[in-house]
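Fold and contact review
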Amino acid sequence: LALVTALLLLAAPTANATTVHRPTEYVVSTTPGDTLEGIAVTRDGTMYVTSVGSGAVYRGNTRSPHLARFLAPGSDGRTSATGIHVDRWGRVLIAGASTSKLFLYDDRGRLLDVQQAADGSFLNDFTIAGDAVYVTDSAHNQLWRAPLTRGGFGKLEPWITRDRIQPTPYYLNGIVTDGKVLLVAEQG
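Just so it is clear, the structure is predicted and the values come from calculations on it, not from any experiment. (Residues numbered from 1 in each chain as written. Predicted model: local features only at pLDDT ≥ 70, side-chain atom pairs only at ≥ 80, totals over all residues. Heavy atoms only, no water.)

Once that is clear, we can look at the environment of Tyr 170. One can find Tyr 170 in the loop between strand S15 (157-160) and strand S16 (172-177). It is 37 Å that separates the C-alpha atoms of Tyr 170 and His 66, two residues lying 104 residues apart in sequence. Discounting residues that sit within four places of it in the chain, Tyr 170 has contacts with Ser 138, Asn 141, Glu 186, Gln 187 and Gly 188. (Helix = DSSP H or I, 4+ residues; strand = E, 2+ residues; numbered from the N terminus. Contact = heavy atoms within 4.5 Å.)

As structure tokens, then:
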């Protein structure tokens, strides 16, 4: 049974007419082999969760304890899924882990675009800064970059290679930005 536990950021807020009650646990999947990995929550409370084990993507709302399958495992060649974000146009971006692909879907689950990194890449996580997406590759320990516009992705290209990162990374993982600086987690 795969569960995601909500983290409460504020201690016991006072009840008022605008208080939104949320579950403390969410049932994402009961499917054996679904190993939950990435999570994204939009401003309206829509929640997406990826499975690195199957490539499935689940969607729900923070006000309901149960998520439903949004994208079936293996669809569009997405046999694994790690990082997930929703861009400013409401599209869902998914890092395809060992598929070496970055996927772009509309909010109905229709595939809009796919960008391929080098064979053998493990696209782990990504962040969006300005008009580009920056992706960690845990296999090659480098960062990929692709332009991101209303029309979709541009070509996914190496941006900072392993030899330009000091100390030399062992396993690049998570990545975030404030719009000016990228912070990358190096696990190892």
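Having seen it, we continue.
Spatially, the four strands line up as an open sheet ordered S7-S8-S9-S10, and their pairing is antiparallel. Among the strands making up the open sheet, the edge pair consists of strand S7 (84-86) and strand S10 (111-116). If you compare each strand with its neighbour and ignore which way they point, the axes differ by 15 degrees on average. Relative to S10, strand S9 (residues 101-105) is paired through five bridges, and the arrangement is antiparallel. Counterpart to Leu 104 in the pairing with S10 is Asp 113. (Pairing = 2+ DSSP bridges. Axes fitted to C-alpha atoms, helices over the stretch in contact; angles between N-to-C directions.)

Right, let's get into the layout of surface pockets. Here the second largest pocket is characterised by a volume of approximately 330 Å³. Lining of the second largest pocket is provided by 14 residues; of these, His 85, Val 86, Asp 87, Arg 88 and Ile 128 occupy positions nearest its centre. Residue assignment for the lining of the second largest pocket shows that the elements contributing at least two residues are strand S3 (36-41) and S7. Of the residues in the lining of the second largest pocket, the class split is eight nonpolar, three polar and three charged. (1 Å grid on protein atoms, 1.4 Å probe; cavity = no way out; pocket = protein on both sides within 12 Å on 5 of 7 lines; lining within 4 Å. Points joined across faces, edges and corners; volume = space filled by probe spheres on them. Nonpolar A, V, L, I, M, F, W, Y, C, P; charged D, E, K, R; others polar.)

Scanning the entire structure with this criterion turns up three aromatic pairs. Between Tyr 48 and Phe 70 the ring centres are 5.4 Å apart and the planes differ by 70 degrees, which places this aromatic pair in the edge-to-face class. Of the two residues, Tyr 48 is situated in strand S4 (residues 46-51) and Phe 70 in strand S6 (residues 68-71); the sequence distance between them amounts to 22 residues. An identical accessibility class is assigned to Tyr 48 and Phe 70; each is buried. Between Phe 103 and Tyr 105, the aromatic rings sit 6.3 Å apart at their centres with planes inclined by 20 degrees, giving stacked as the arrangement. (Phe/Tyr/Trp six-rings, centres within 6.5 Å; stacked < 30°, edge-to-face > 60°. Buried < 20%, exposed > 50% of the residue type's maximum accessible area, 1.4 Å probe, protein only.)

Next up on the list: the side chain of Ser 100. As for its position among the elements, Ser 100 is in the loop between strand S8 (92-95) and S9. The class of Ser 100 is buried, set by a relative accessible area of 3%. Here Ser 121 takes part through its backbone oxygen, which lies 2.9 Å from a polar atom of the side chain of Ser 100. Filtering out sequence-adjacent residues up to four positions away, Ser 100 remains in contact with Gln 115, Gln 116, Ala 117, Ala 118, Asp 119, Gly 120, Ser 121 and Leu 123. (Polar contact = N/O pair within 3.5 Å; in protein donor to acceptor, adjacent residues only side chain to side chain.)

In this section: the sheet that holds S3. On the basis of which strands lie adjacent, the open sheet formed by four strands has the order S3-S4-S5-S6 and antiparallel pairing. The sheet is open, and its two edges are formed by S3 and S6, each paired on a single side. For this sheet, the mean angle separating the axes of adjacent strands, direction not counted, is 30 degrees. Where strand S5 (residues 57-61) and S6 come together, three bridges link them in antiparallel fashion. Paired with Arg 59 across the two strands is Ala 68, which belongs to S6.

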